[in-house]
Amino acid sequence: MGDSLLGVFPRVARMVEGAETLLGESCYHWHSKVCRKLPNSGQVEWHQDYGSWYHDGCLSPQLISCAIAIEPCTPENGCLQMLKGSHLLGRMDVIKMGNTVGADPQRLQIAMEKMEIVNCVMEPGDAVFFHSNVLHGSPPNHSDRSRAMMFCTYNAISNQPFILEGQEHHRYRPLQKLPNSTIIEGNYDCAMEDRAEVYKPDPEIDRPYMNIPLFEDNYISRFLKNS
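The notes below deal with the structure included here. Throughout this document, residue positions are counted from 1 along each chain, in the order its sequence is written. With the structure being a predicted model, the display of local features is reserved for residues of pLDDT at least 70 and the display and counting of side-chain atom pairs for 80 or more, all residues being used for whole-chain, interface and lining totals. Computation of side-chain values covers all heavy atoms of the structure but excludes hydrogens and water.

1. Brief notes about the pairing of strand 10 (residues 147–156)
- Buried, partly exposed and exposed residues are distinguished by accessible area as a fraction of the type maximum, computed with a 1.4 Å probe on protein chains only: under 20%, between the cut-offs, and over 50%, respectively. By the criteria applied, helices consist of DSSP H or I runs no shorter than four residues and strands consist of E runs no shorter than two, each listed in order from the N terminus. Of all ten residues making up strand 10, ten are buried, and the element is well covered by its neighbours.
- Of the two faces of strand 10, the one holding R147, M149, F151, T153 and N155 and the one holding A148, M150, C152, Y154 and A156 are both buried throughout.
- Any two strands are treated as partners once DSSP identifies two or more bridges connecting them. With ten bridges connecting them, strand 1 (residues 27–37) and strand 10 associate as antiparallel partners. Note on strand 10: the bridge partner recorded for R36 is A148.
- As paired elements, strand 3 (residues 63–69) and strand 10 share seven bridges and run antiparallel to each other. Residue pairing for strand 10: A69 is matched across the bridge by M149.

2. Quick word on the environment of P140
- The residue P140 is located in the loop between strand 9 (136–138) and strand 10 in this model.
- Relative accessible area serves as the criterion here: at 22%, P140 is assigned to the partly exposed category.
- Placed 63 residues apart in sequence, P140 and N77 show a C-alpha to C-alpha distance of 6.9 Å.
- The residues contacting P140, other than those within four sequence positions of it, are S41, G42, Q43, P75, E76, N77 and G78. It only takes one pair of heavy atoms within 4.5 Å for two residues to be counted as in contact.

3. A look at the nonpolar core
- In this structure, M15, C27, I68, M150, C152 and Y154 are the most contacted members of the largest nonpolar core, which totals 15 residues.
- Here this core gets four residues from one element, more than from any other, and that element is helix 2 (residues 13–23).
- Side-chain atoms within 4.5 Å are what join buried Ala, Val, Leu, Ile, Met, Phe, Trp, Tyr and Cys residues into a set we call a nonpolar core. Formed by 13 residues, the second largest nonpolar core is a distinct cluster that contains C73, M82, C120 and M149.

4. A few points about the state of the cysteines
- For this text, the term disulfide refers to a pair of cysteine sulfurs within 2.5 Å. Under the definition given, this model contains zero disulfides.
- Not engaged in a disulfide, the cysteine C73 finds its nearest cysteine sulfur in C79; these two sulfurs lie 7.1 Å apart.

5. Describing the environment of C66
- Following the sequence through the fold, C66 ends up in strand 3.
- With a relative accessible area of 0%, C66 lands in the buried category.
- Note: C-alpha distance between C66 and A127 (61 residues apart in sequence) is 6.5 Å.

In structure tokens:
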């Protein structure tokens, strides 16, 4: 939660208050990330976020994410998809699929027969909140343009991990809300701190399965310059 845009965004009052209204209790920042799907890159398997956060030590699925479009998101470039009402199904087992993981395929298939798939078609600045048990994923990007989104996730204060070792970064820290005008007034120092983590896929494992292009060393600076 520094003074970069990525550190300031999750603290904007309307974001935090939206999360708290939907969760029904006070929350704190869990994590944030920027995901970019380049042209002709692969799909993201259907999954529940709580499938992972359960193993981080969160006793309940009292977590919620807000996805914000940085670039236009359409079915052609692999927009976010959600299964309507799937947060009511409870946590599904996480199954290993190649080098990635996803929701139990048998249960997923039955759920898809009963529930509507919603394409989250979004313009830059549009946002959607979704519960940690919502089944979601995204199809491949078959277009000639990229699709970038920011995800800000919040956890209920009462739900901080009971696992202590390795979860220091997920422990509760007071969240100072910032005015809604913070972003438009440019009250941040930079887009990202130099220490922001960038996942670099293993070309022998990730590229064949998910068709994820490798990130060049100057990926972050070039992405920010072009966005």
